Amino acid sequence: MSFNPADNIQDLQYFGEFGGVNPSISDSSTYTFLAAKSMMDTFEGNLEGCYLYSRHSSPTNLYLGQALAAMEGTEAANVSASGMGAITPTLMQLCNAGDHIVSSRTIYGGTYAFLKNFAPKFGITSTFVDITSLQAIENAITNNTKVLYCESVSNPLLEVADIKALAELAKKYKLKLVVDNTFSPLQISPAKLGADVVIHSLTKFINGSSDTVGGVICGTNEFINSLKNVNDGASMLLGPVMDSLRAASILKNIRTLHIRMKKHSENAMYLAEKFEEIGLKIMYPGLKSHPQHALFTNMYNAEFGYGGILSFDAGTLEKADKLMELMQKKNLGYLAVSLGFYKTLFNAPGTGTSSEIPAEEQKEMGLSDGLIRFSIGLDNDIERTYQEMKACIQEVGIL
Ligand SMILES: Cc1ncc(COP(=O)(O)O)c(C=O)c1O
């Protein structure tokens, strides 16, 4: 049976408290118990269906978690207040002082900063490697390594990780493979390819309306319960809890994710092909010129396409800045970080979302100053967008 994440979301059925087709929003921080013993049992994690306190769990957050677990094909999921609120507890839960992480070097700047600057305060160190080189990864694994960390499609260089091969490596060395799937929801299903934990920043495509931050950790029941353990669970104790009103609004948006992803992908593919044709240096996994095009094609759920993100090298930071300002002026999108909005968003990651990564390391990983990351919107007439973008590119002298 083939796995279809969109069908899994569609097949969820809700009977709200009052018969509503949307589950009622439960907006309580604390919950009553009719018997004192039930409170004790809930505290100890022994009572299903009872709620204690909303930092631990709440009905609305559980609904959203169920939808995301269905999407990723994992037993369970725990939502969090942001993507970083999912990434940091996961790594703190999996690692103790003295442990080591092997991570892709092309990851979101915040994750990189956490691993490089923050986690060492707790004795957790990381080695950053080229995730497309299995040899480099294997060479970096030590006796203390506990986690292999990557993004399925990396930020901002759009390198694609061979999740099946990484899962085999993880198994061989008894590591946990943690995959941030933020760039490729529905397209790639990392848990189905062998990842142990799948993370999303819900802030991006999944919510899709740039009105909130949010995150999720998808994994086994055992792992998700360990995160929520009142005595030693990182999510419970660090406290990055999502508000239930937000959980309800993200749950509503997730129902149109499949339609949006198809359109993001269709538009991005159109622009990538057209831009490449006129001689621009485009990075997009859907292009045959992308080094991991075949790998992506081998791994993805084809109907959702190659995703909404493309990167393009404008040559210099000056040209990139000029182009972005002009495109914003012409209402082709916003000069803004983040992704997954209905309008196109663009920024120069070297000085923006990846600015945590030191200049010489950016150079080594191929992140040039002139690189612009585009999150392509849901434009109804992408041919019109293309013509207007091309005119801007010509006006600033890139073509
Ligand atoms: C790939 C990726 N992972 C994680 C994050 C962090 O998510 P959040 O901003 O929701 O904390 C981001 C944010 O930009 C991201 O791009």
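What you are looking at is a predicted structure, and each value in this text was computed from that prediction instead of being measured.

**Looking at the site of the ligand**
The immediate surroundings of the ligand are formed by 14 residues, with Gly83, Asp180, Ser201, Thr203 and Lys204 found nearest. Measuring from an oxygen atom of the ligand, one finds a side-chain N or O atom of Asn155 at 3.1 Å. Taking Lys204, its side chain carries an N or O atom lying 2.6 Å from an oxygen atom of the ligand. When the ligand is considered free in solution it has 390 Å² of accessible area, and contact with the protein chains removes 91% of it.

**Side note on the confidence of the model for the chain**
For the chain, the average pLDDT comes to 95, and 99% of its residues sit at 70 or higher. Helix H14 (residues 359-364) is the least confidently modelled element of the chain, averaging 80 in pLDDT, while strand E7 (residues 215-219) averages 99, the highest of any element.

**Focus: helix H13 (residues 317-329)**
For H13, built from 13 residues, the straight-helix expectation of 18 Å at 1.5 Å per residue is met to within 8% by its first-to-last C-alpha distance of 18 Å. Burial in H13 covers these residues: Ala320, Leu323, Met324, Leu326 and Met327. One face of H13 carries all of its buried residues, which in axial projection span an arc of 165 degrees. Away from its buried face, by an angle of more than 90 degrees, H13 presents the exposed residues Glu318, Glu325 and Lys329. Its buried side turned inward, H13 meets strand E9 (309-313), strand E10 (334-335), strand E11 (345-347), strand E12 (371-375) and helix H15 (382-395). Following H13 by one or two positions, Asn331 has its phi on the positive side, about 60 degrees.

**Re the sheet that holds E7**
Taken in spatial order, the seven strands line up as E1-E7-E6-E5-E4-E2-E3 in an open sheet, and their pairing is mixed. Two strands lie at the open edges of the sheet, namely strand E1 (76-80) and strand E3 (125-129), each paired on one side alone. Sheet twist, expressed as the mean angle between neighbouring strand axes with direction ignored, is 20 degrees. Bridging between strand E6 (residues 197-201) and E7 involves four bridges; their strand directions are antiparallel. In the sheet register, His200 faces E7, and the bridge partner there is Val216.

Cut-offs used in this document
- Each chain has its residues counted from 1, running along the sequence as written.
- Only residues with pLDDT of at least 70 get local features here, since the model is predicted, and only at 80 or more are side-chain atom pairs given and counted; chain-wide, interface and lining totals rely on the full set of residues.
- Values shown for side chains rest on all heavy atoms present in the structure; no hydrogens or waters enter the calculation.
- In these notes, residues near a molecule or strand are those with any non-hydrogen atom within 4 Å of it.
- Distance and chemistry together define a polar contact, namely a pair of N or O atoms within 3.5 Å, with one atom able to donate a hydrogen and the other to accept it when in protein, and with adjacent residues in sequence counting only for side-chain atoms on both sides.
- Here the open area of atoms and residues is found with the Shrake-Rupley method and a 1.4 Å probe, where only the protein chains shown may cover a residue.
- One number per residue, pLDDT, summarises how confident the predictor is, and it ranges from 0 to 100.
- Helix numbers and strand numbers start at the N terminus; a helix is a DSSP run of H or I with at least 4 residues, a strand a run of E with at least 2.
- Take the residue count of a helix, subtract one, and multiply by 1.5 Å to get its expected span.
- Only protein chains enter the accessibility calculation, which uses a 1.4 Å probe; a residue whose area is less than 20% of its type maximum is buried, one above 50% is exposed, and one in between is partly exposed.
- The directions considered for the arc run from the helix axis to the C-beta atoms.
- Residue contacts are counted whenever heavy atoms from the two residues lie within 4.5 Å of one another.
- Between any two strands, pairing holds if DSSP finds at least two bridges.
- Structural elements are reduced to axes, namely lines fitted to C-alpha atoms, with helices fitted over the stretch in contact, and the angle between N-to-C directions of any two is expressed from 0 to 180 degrees.

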